[in-house]
Amino acid sequence: MQIRFANLLFYAVMAATVEGCMMGPDYVKPKVQVPVAFKELQGWQQAQPKDDRLPGKWWEMFGDPQLNALEEQVVDNNQTLAAAEAQYRQAQHLVQTALAAYLPTGGVAATVNRFRAATGQNVAVSGVRYLFGTALNISWEPDLWGSVRRQVEANVGSAQASAATLQALCLSTQATLAQDYFQLRALDAQRQLLNQTVAAYRKTLEITRNRYAVGVAALSDVVQAEAQLESARAQAVDVEVMRSQMEHALAVLVGKSPAELDIGQGALTTRLPTIPVAVPSAVLERRPDIASAERSMAATNAKIGVAKAAYFPTLTLSATNGFQTANLSKLFSMATRYWALGPAAAAWTLLDGGAHSAQLKQAIDAFDASVAQYRQSVLTGFQEVEDSLSALRTLEEESHVQDKAVRAAESALTITENQYKAGTVGYSNVMIAQAAALNNRKSAVTVFGQRLIYAVQLVKALGGGWGSADLPDADSAAGERKWTDFLPFPLQ
């Protein structure tokens, strides 16, 4: 009878837990102002409808096998990502810790007492005696006010935020690697240009020396030609130093020591892809940092309910089942068995000096702060997209103008060199024309490299090939198990 009553009581309290009160407000995603279109999208070459979404391996759009090989190593070998992935697993385990609060706690105890009965007691227990015992103790605090449910909700939100943070860091690391790689290739192009310039300057120096030998050029022309040649050589050495540093940075990004990575010299032949830009509202779904801020906001909202539930009394149910005897050989016989229901304890804090009130206000303030941080993340996301679009459009115009400047400078250099050979102009004119041609060629390389870097920046600003639908759901964040999965009976 008592056992049946205990089962009924357990079911009744469990039902009250499931259908009971939930303290705190239910989460509602705050509204944010989203523009109809991007301001800087005017004139942007849109992708075809079948390509309106960035691919998961977005770097393949650039068509560079070396870049593809490096990007494939980032997720597996980058140590910063490894640390973030461990933090995400930690957040998942915190969800499982919160789920455990739904269930009873139990323990087994074994005791042995050696005692002497007081004088005058029954002869049967006189002298020195032993008392052996074992007991199974179970206690349970039902979630009457939704504190545990809100804590699970908060931890699930935090785990999802951690997953989005991991993806944001992954996207940022991949984008950094691509930008560093393009800078390295731009430096390779500059080094190739300087090598060609050094060869041209060497020929000019040889011509000047020959002219000086026959008395048609001054010694100052020879000295100036030598100085210009050495200056070009010094620039080439400086480029090599910067290239080495960029190569070392790439090695660290792929989880290797600088000595383990050797990227050979290569030409800057990467193509500029057509990057699909969707409507601004899609940025909210595609940027992992915005998704992380939104999930953090949901977690802080749930913590308001945890703080409110602390105002109400708690109920603790306990039960004990065990054996006790003075004869160790009969310890587990049915005659020595005993059980007890209780104590059932209710506790209600009436005076706490305002601690609960302060904790509730802190939770509300934390939610308000998370709302502001979410809206700021949205604004920052739109700004980064607009900045990248603006930079790409401007750099495209600059690239066209710079190409014209290169052609003009090369034509001017050819004319001046022919005039110098004919003796109609001095060497200073050749130096000016050579310097102008070199600077314009270097500027053209720099502009193209910047276009590649801002193309990567636009991909990052758009969220890469990721979407908030890729976030783990609540069950995945909880280790794919619900709290009802732990019950020893089906809950009707």
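Details of the structure are given in the entry above.
A short tour of the structure in this document, coming up. (Residues numbered from 1 in each chain as written. Predicted model: local features only at pLDDT ≥ 70, side-chain atom pairs only at ≥ 80, totals over all residues. Heavy atoms only, no water.)

1. Focus on the packing of helix α4 (residues 147–213) against helix α5 (residues 219–253)
Using the following cut-off: Lines fitted to the C-alpha atoms define the axes, with helices restricted to the stretch that makes contact. Angles between their N-to-C directions range from 0 to 180 degrees. Secondary structure elements are taken from DSSP: a helix is a run of H or I of four residues or more, a strand is a run of E of two residues or more, and numbering for both begins at the N terminus. Under this scheme an angle from 65 to 115 degrees is roughly perpendicular, one under 35 degrees roughly parallel, and one over 145 degrees roughly antiparallel; angles in between are oblique. We call a crossing left-handed when the near helix sits turned anticlockwise from the far one by less than a right angle, and right-handed when that turn is clockwise. Residues are sorted three ways: Asp, Glu, Lys and Arg are charged, Ala, Val, Leu, Ile, Met, Phe, Trp, Tyr, Cys and Pro are nonpolar, and all the rest, Gly among them, are polar.
Interaxial distance between α4 and α5 falls to 8 Å at its minimum, and their mutual angle equals 165°. In terms of axis orientation, α4 runs roughly antiparallel to α5. Once α4 is placed against α5, the crossing between them reads as left-handed. Grouping the constituent residues of the contact of α4 with α5 by class yields 21 nonpolar, eight polar and 12 charged.

2. Regarding helix α2 (residues 65–77)
To keep it simple, the criterion reads: Here a helix's expected span is defined as the number of its residues, less one, multiplied by 1.5 Å. Residue burial is assigned from relative accessible area. The probe radius is 1.4 Å, only protein chains are included, and a residue is buried under 20% of its type maximum, exposed over 50%, and partly exposed in between. Think of it as the arc spanned by the lines of direction from the helix axis to the C-beta atoms. Any two residues having at least one pair of non-hydrogen atoms within 4.5 Å are treated as being in contact. For this analysis, a polar contact is any N or O atom pair within 3.5 Å, provided that within protein one partner can donate a hydrogen and the other can accept it, and provided that sequence-adjacent residues contribute only side-chain to side-chain pairs.
Over its 13 residues, α2 extends 19 Å from the first C-alpha to the last, a length consistent with the 18 Å expected when each residue adds 1.5 Å. Among all positions of α2, only Leu 67, Leu 70, Glu 71, Gln 73 and Val 74 are buried. For α2, the buried positions fall inside an angular range of 165° around the axis, keeping them on one side. Within α2, the exposed residues directed more than 90 degrees away from the buried face are Pro 65 and Asp 76. Packing partners of the buried residues in α2 comprise α3 (79–100), α4 and α5. The distance from a side-chain oxygen at the start of α2 to the backbone nitrogen of Gln 66 is 3.0 Å, and the residue carrying that oxygen is Asp 64.

3. Quick word on the environment of Arg 337
Along the chain, Arg 337 turns up in strand β4 (residues 337–341). Taking the relative accessible area as the measure of exposure, Arg 337 reaches 36% and is therefore partly exposed. Between the alpha carbons of Arg 337 and Gly 133 there is a distance of 9.6 Å; along the sequence they are 204 residues apart. Apart from the residues within four sequence positions on either side, Arg 337 is in contact with Asn 321, Gly 322 and Phe 323. Within polar-contact distance, the side chain of Arg 337 engages the side chain of Asn 321 at 3.4 Å.

4. Focus on the pattern of salt bridges
Keep this limit in mind: By convention in these notes, a salt bridge is any Lys or Arg side-chain nitrogen within 4 Å of a carboxyl oxygen on Asp or Glu.
One pass over the full model with this rule turns up 15 salt bridges. Its salt-bridge partner being Asp 188, residue Arg 185 comes within 2.7 Å of it at the nearest N-O pair. Of this pair, Arg 185 and Asp 188 are both found in helix α4, three residues apart, which corresponds to roughly one turn of the helix. Residues Arg 185 and Asp 188 agree in their burial class; the two are buried. With a shortest N-O distance of 2.9 Å, Glu 294 and Arg 295 are connected by a salt bridge.

5. Focus on the packing of aromatic side chains
Any two aromatic rings considered together are summarised by their centre-to-centre distance and by the angle between their planes. Short version of the rule: Centres within 6.5 Å make a pair out of two Phe, Tyr or Trp rings, where for Trp the six-membered ring is used; the pair is then stacked when the planes are under 30 degrees apart, edge-to-face when over 60, and tilted otherwise. We call a charge positioned over a ring when the NZ of a Lys or the CZ of an Arg lies within 6 Å of the ring centre and within 35 degrees of the ring normal.
Here the structure, examined in full by the defined rule, presents six aromatic pairs. Both rings, one in Tyr 420 and one in Tyr 427, keep their centres 5.5 Å apart while their planes meet at 65°; by these two values the pair is edge-to-face. We classify Tyr 420 as buried; its relative accessible area is 4%. Among the aromatic residues, ring-to-ring pairing joins Phe 62, Tyr 181 and Phe 182 into one connected group. The side chain of Arg 211 reaches across the aromatic face of Tyr 420, ending 4.6 Å from its centre.

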